[in-house]
Amino acid sequence: MSITCRDAMREAIRQALIADDRVFMMGEDIGAYGGCFAVSKGLLAEFGPDRIRDTPLSESAFVGAGVGAAMAGMRPIVEIMTVNFSLLALDQILNNAATLRHMSGGQIGVPLVIRMTTGGGRQLAAQHSHSLEGWYAHIPGIKVLVPATVDDFRHMLQPALDDPDPVLIFEHALLYNAEGELSDGPSPPIDKAVVRRAGKDITLITYGGSLAKTVQAAELLAAEGIEADVIDLRSLRPLDDATYMASVRRTHRAVIVDEGWRSGSISAELSARITEGAFYELDAPVGRVCSAEVPMPYAKHLEEAALPSTSSIVAAAREAMAEDA
Amino acid sequence: MSDLAMLRTMLLIRRFEERAAQLYGESKIRGFLHLCIGEEAVAVGVSAALEPDDNVVSTYREHGHALVRGVGADAVMAEMFGRSEGCSGGRGGSMHLFDVQHRFFGGNAIVGGGLPVAVGLALADHLRGVQRTTVCLFGEGAMAEGEFHESVNLATLWHLPVVFCCENNLYAMGSALTRTEANTDLVLKAAAYGLAAWSADGMDVRAVHDAMRRAVTTVRDGSGPVFVEMRTYRFRAHSMYDPELYRSKDEVAEWKHRDPIDLEVGRLRVDGLLDDAGLSALQDDVQREVEAAVLAAENGTDEPVEQLTRHVYADAAEEVRS
Ligand SMILES: Cc1ncc(C[n+]2csc(CCOP(=O)(O)OP(=O)(O)O)c2C)c(N)n1
């Protein structure tokens, strides 16, 4: 059955609400408005205002309330409209959600799920377009999921709710309309990376909104006779080192594609780990395709130039291939 | 500003935004586009009470605020086309209009994000002994954010020359005021911080002007900040994507009977200051101004991609200017 990522996530939320009465959802305009990206459309009518709670514009308060409710044994799903607004709640996410278990000597757990959109590409300029998931992945105590496929939009939420610790899910806004077939089989565990396309010549490592571009780049490379292994990380914290490292050991070349800014990014972390773990296997320096180090500009041509593109991925892969073995 | 001039400015904002909506439909303008149609009296009445060098800090619904402060229709339109001739060089778009020459400090698209900055602008004036008022415009939705509460308290504590001007259009996106505020009396709420606070009919440009004049006088007297609630209504969707499931067509129609432009036209007619010919002359005039802006934007230039990472830090030329 073909389904959009938006509908897949809505169905995941529905099933979670049906399965467990500790689950409820809160966020801005998720109810009467139908969700700013229409993910929660129809849920208010089905589940009522107690479980689909519209909040005022108070990110710090409702994220913090999610922390408290989770501490008390509920299973809240908190929706934040976009990652830039999550910064108003960063105090609650980092200073409470991520640290309470440790600070309390293990007495308190925060089984909270926070969903938010991320990413650029819609000309929304410098306060609505950033990709800060790699930044969040810096923080011990939380887990960071980055679904890229309808299967992951459909199947990551329940394991996130089952997790005893806070899980942040970053949904690239350009994926909501993306369609795909839901598969029948069980989904891999949420902390495992998967190979989306197999190839022997080079490893392309990516996640979320950049997966489609990377797969496209791999197709173009294939036409030139370069077969790329495309790894979808799925989780940025924890990172599934074994999967991408095994690929790099096979191909001896790696390029990382990440919509975050380059400096201090998850791509920097991956590159460091590859260097630490597979240095002697490498035939070329690890390449990176990231967003330009600039707040996102509005103008279309500048925004396009700021973001990773299929052609910049192809170029980086060619460069890695050009190195002599 | 004469009553006739205030009417003309309201007409300009209306026409400008109607045209912007069309251009959005043609994909000439992209991103988010928030129209203030229905709320023009607030922009015009507020600005009429200000001096040219007063500071204004605004939100993402700020085309009207920018135009009344003297930012040219051409510079705003070019910005929304992403052209380098735009008031923010094409970097900001509709939500981030800036024009320092006119002391128009944005264009902030984080709800509540402008308030602390307004406090700081006023603090600088206070420290330097500069006689100037800073006006911060925001929607009622911002009053649920911590930044509202922290800013109003700080400005009051330090007696800073700020007018906190709340455009209460009753909805924050799809969230009705009654569904998001435990106490819907915004004046009472603000007054709890110990500053002077009052409200005005935001559909009546003269009432807005009076309320704002009082506020500016209070601030200039050194009596500290003022909070003013402008009771208004947005006639259009929140932005360009909004099925408007949260309010009835009847309610919108009801408010349209109170169109601030119709009200002012009616009054000027009664006073004998405007007739049909006069009104259509004004309309033609603003139409020409808007079309000239559109034409200029169409013919504008795109900044070279090689300059992508400009304006992240001050370069030498920018340093000299500031
Ligand atoms: C911190 C933050 N949270 C959420 C949003 C998304 N958002 C943009 S406008 C808006 C409604 C704001 O309503 P209000 O302050 O009343 O102003 P209005 O749009 O009615 O002019 C929301 C929720 C945002 N921009 N910033």
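Quick notes on the rules
Per chain, residue numbering runs from 1 following the sequence as it is written. Starting at A for chains and at 1 for ligands, labels are handed out in the order in which the entities are written. Thresholds applied to this predicted model are a pLDDT of at least 70 for local features of residues and 80 or more for the giving and counting of side-chain atom pairs; totals over whole chains, interfaces and linings are not thresholded and use all residues. The basis for the side-chain values is all heavy atoms of the structure; hydrogens and waters are excluded. Whether a residue is near a molecule or strand depends on its heavy atoms: it is near if one of them lies within 4 Å of it. Polar contact is the term for a pair of N or O atoms within 3.5 Å; when the atoms are in protein, one must be able to donate a hydrogen and the other to accept it, and sequence-neighboring residues count only if both atoms are side-chain atoms. Surface accessibility in these figures is a Shrake-Rupley result with a 1.4 Å probe; residues are shielded only by whichever protein chains are displayed. Gly falls in the polar group here, along with every residue not listed as nonpolar (Ala, Val, Leu, Ile, Met, Phe, Trp, Tyr, Cys, Pro) or charged (Asp, Glu, Lys, Arg). Contacts: residue pairs with any heavy atoms within 4.5 Å of one another. When two parts are put together, the accessible area they lose, computed with a 1.4 Å probe and summed over both, is reported as buried area. Here a salt bridge means any side-chain nitrogen of Lys or Arg lying within 4 Å of a carboxyl oxygen belonging to Asp or Glu. Note on conventions: DSSP H or I runs of at least 4 residues are helices, E runs of at least 2 residues are strands, and numbering of each starts at the N terminus. Only strands that DSSP links by at least two bridges are regarded as paired with each other. To get an axis, fit a line to the C-alpha atoms, keeping to the stretch in contact for a helix; angles then go from 0 to 180 degrees between the N-to-C directions. Buried, partly exposed and exposed residues are distinguished by accessible area as a fraction of the type maximum, computed with a 1.4 Å probe on protein chains only: under 20%, between the cut-offs, and over 50%, respectively. What marks off one domain from the next here is an automatic or database domain assignment. For a helix, the expected span equals 1.5 Å multiplied by the number of residues minus one. Here, nonpolar core refers to any group of buried Ala, Val, Leu, Ile, Met, Phe, Trp, Tyr and Cys residues whose side-chain atoms link them within 4.5 Å.

Engineer: Lay out the site of the ligand with the relevant residues and their values.
Structural biologist: Near the ligand you find 22 residues, and of these A:Glu59, B:Tyr60, B:Arg61, B:Ala109 and B:Asn169 are the closest. Residues lining the ligand come from chains A and B. For the ligand, an oxygen atom lies 3.1 Å from a polar atom in the side chain of B:Glu140. Take B:Asn169: an N or O atom from its side chain is 2.8 Å from an oxygen atom of the ligand. Taking 580 Å² as the accessible area of the ligand by itself, protein coverage stands at 96%. Per-class residue counts for the shell around the ligand are 12 nonpolar, five polar and five charged.

Engineer: Break down the interface of chain A and chain B for me, with residues and values.
Structural biologist: Residue-level contacts link 33 residues of chain A with 39 residues of chain B. On the chain A side of the interface with chain B, the three residues burying the most area are A:Tyr33, A:Leu57 and A:Tyr298, jointly 27% of the side's total. Across the chain A-chain B interface, the total number found is one salt bridge. Residue B:Arg179 is joined to A:Asp54 by a salt bridge in which the shortest nitrogen-to-oxygen separation is 2.6 Å. Where chain A touches chain B, the interface holds 13 residue pairs in polar contact (both at pLDDT 80 or more). The set of elements that each furnish at least two residues to the side of chain A that touches chain B consists of helix H4 (83-86) and helix H13 (300-306) of chain A. By residue number, the principal contributor to the side of chain A that touches chain B is H13(A), which donates four residues. Grouping the amino acids of the side of chain A that touches chain B by side-chain chemistry returns 21 nonpolar, seven polar and five charged.

Engineer: Could you give an account of the sheet that holds strand S3 (residues 52-54) of chain A, with specific residues and numbers?
Structural biologist: Residues and elements named next belong to chain A. Pairing within the open sheet is mixed, and its seven strands lie in the order S3-S2-S4-S5-S7-S6-S12. With partners counted over all chains shown, the strands left at the sheet margins are S3 and strand S12 (235-237), one partner each. Averaged over all adjacent pairs, the angle separating strand axes in this sheet is 20°, with direction ignored. As defined by bridge partners, strand S5 (residues 113-118) adjoins strand S7 (residues 167-172) across six bridges and the pair is classed as parallel. Pairing of Met116 across the sheet is with Phe170, part of S7.

Engineer: Explain the side chain of B:Arg247 residue by residue, including any values.
Structural biologist: Residue and element names in this part refer to chain B. Tracing the backbone shows Arg247 in the loop between strand S8 (226-231) and helix H10 (249-256). Look at Arg247 and you get buried, because its relative accessible area is 9%. Polar side-chain contacts of Arg247 include one of 2.8 Å to the side chain of Glu244. Beyond its immediate sequence surroundings of up to four residues, Arg247 is in contact with Tyr171, Tyr233, Arg234, Phe235, Arg236, Ala237 and Val252.

Engineer: Please give an account of the domain arrangement of chain A that cites residues and values.
Structural biologist: As a measure of interface size, the accessible area lost when the parts come together is often cited. Residues and elements named next belong to chain A. Parsing chain A into structural domains produces domain 1 (2-181) and domain 2 (194-322). Averaged C-alpha coordinates put domain 1 and domain 2 at centres separated by 26 Å. With 30 residues of domain 1 in contact, the opposing surface of domain 2 contributes 23 residues. Both sides together, the interface formed by domain 1 and domain 2 hides about 2000 Å², and carbon and sulfur atoms give 57% of it. Summed over the three residues of domain 1 that lose the most area to domain 2, namely Gln123, His130 and Val146, the buried surface amounts to 26% of that side. Connecting domain 1 to domain 2 are two salt bridges. In this structure, the connection of domain 1 to domain 2 is made through 16 residue pairs in polar contact (both at pLDDT 80 or more). Listed by contribution, the elements that provide at least two residues to the side of domain 1 that touches domain 2 are helix H7 (133-136) and strand S6 (143-145). Take the side of domain 1 that touches domain 2: its biggest share by element is three residues, from S6.

Engineer: Explain helix H1 (residues 3-25) of chain B to me, and be specific about the residues and the numbers.
Structural biologist: Three or four residues apart is the spacing at which side chains of an α-helix point the same way, because the helix has 3.6 residues per turn. Taking 1.5 Å of rise per residue, the 23 residues of H1(B) would be expected to cover 33 Å, and the 34 Å separating its terminal C-alpha atoms lies within 8% of that figure. Count one or two residues on from H1(B) and you reach B:Ser27, which has phi positive near 65°.

Engineer: So what about the side chain of B:Glu40? Which residues, and what values?
Structural biologist: All names here are of chain B. In this structure, Glu40 sits in helix H2 (residues 40-48). Of the polar contacts made by the side chain of Glu40, one reaches the side chain of Arg14; its length is 2.5 Å. Setting aside chain neighbours within four positions, we find Glu40 in contact with Met10, Ile13, Arg14, Pro260 and Ile261.

Engineer: Give me the nonpolar core: which residues, what numbers.
Structural biologist: Membership of the largest hydrophobic core comes to 127 residues, with the highest contact counts inside it found for A:Ile274, B:Ile29, B:Met77 and B:Met230. Counting residues per element, this core draws most heavily on H1(B), which supplies 11 residues. Two domains each provide a minimum of three residues to this core, namely domain 1 (2-181) and domain 2 (194-322) of chain A. Residues in contact with B:Ile29, not counting those within four places in the same chain, are A:Tyr298, B:Ala20, B:Leu23, B:Tyr24, B:Met77, B:Met80 and B:Phe81.

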